[in-house]
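Chain by chain, the residues run as shown.
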Amino acid sequence: MKKLVEAVLENLSTKEVFLFRVTCGSCGTEYGNKPIRFSKAEMPPTTQSKQIIYDALYEQEFGEARRIAIRNAAEHMNYCPICKRLVCNQCFLICDDLDMCKQCAADLEQQGNPVLVSFLEAK
Ligand SMILES: [Zn+2]
Ligand SMILES: [Zn+2]
């Protein structure tokens, strides 16, 4: 799942804030990370050396925020084997033969329960 999420992950990060998101192919709900501020966002580097250090730090924090976003999104996303879209738990059904998104289930006249509900009931 993480690989699929990674492939469609949108990078909305700026120089100050790290932000990534994945959008549900069906309902359009966005999943990802909460915006994370770059730790040196308010501190412009004063020397060349600082610039190099901050650049490396930015890269490090960027990678970390990206990992968090992928992990969060992967928990909410499912791959529909019929329409090949990534859809969120609310739009994905556990069916008898093959799990698929709500839209495909309707098209193919399949019955199923949303992942989210099944998950809650299982608890
Ligand atoms: Zn959805
Ligand atoms: Zn589908």
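Residues numbered from 1 in each chain as written. Chains lettered and ligands numbered in written order. Predicted model: local features only at pLDDT ≥ 70, side-chain atom pairs only at ≥ 80, totals over all residues.

1. Here's the deal with the nonpolar core
- Among the nonpolar cores identified, the biggest contains 23 residues, and A73, M77, V87, C88, F92 and C101 are the most heavily contacted of them.
- For this core, the elements supplying multiple residues, two or more each, are strand 3 (20-23), helix 2 (48-76), strand 7 (86-88), strand 8 (92-95), strand 9 (100-101) and helix 3 (102-107).
- Among the elements that make up this core, the one with the highest residue count is helix 2 (4 residues).
- Non-local contacts of F92, meaning those with residues more than four positions away in its chain, are made with N78, C80, V87, D99, C101, P114 and V115. (Core = buried A, V, L, I, M, F, W, Y, C linked by C-beta atoms within 7 Å. Buried ≥ 20, exposed ≤ 12 C-beta atoms within 10 Å, placed from the backbone. Helix = DSSP H or I, 4+ residues; strand = E, 2+ residues; numbered from the N terminus. Contact = placed C-beta atoms within 7 Å.)

2. Quick notes on the environment of Y31
- Note that Y31 resides in strand 4 (residues 30-32).
- Judged by C-beta crowding, with 20 C-beta atoms within 10 Å, Y31 ranks as buried.
- Each C-alpha atom, one on Y31 and one on Q111, is 26 Å from the other, the two residues being 80 residues apart in sequence.
- Not counting chain neighbours up to four residues away, the residues in contact with Y31 comprise R21, V22, N72, A73, H76, M77 and C88.

3. Side note on the sheet that holds strand 10 (residues 112-114)
- Spatially, the 3 strands line up as an open sheet ordered 9-8-10, and their pairing is antiparallel. Of all the strands in the sheet, just strand 9 and strand 10 have a single pairing partner and so form its edges.
- With 2 bridges connecting them, strand 8 and strand 9 associate as antiparallel partners. The residue bridging L93 from the neighbouring strand is M100, located in strand 9. (Pairing = 2+ DSSP bridges.)

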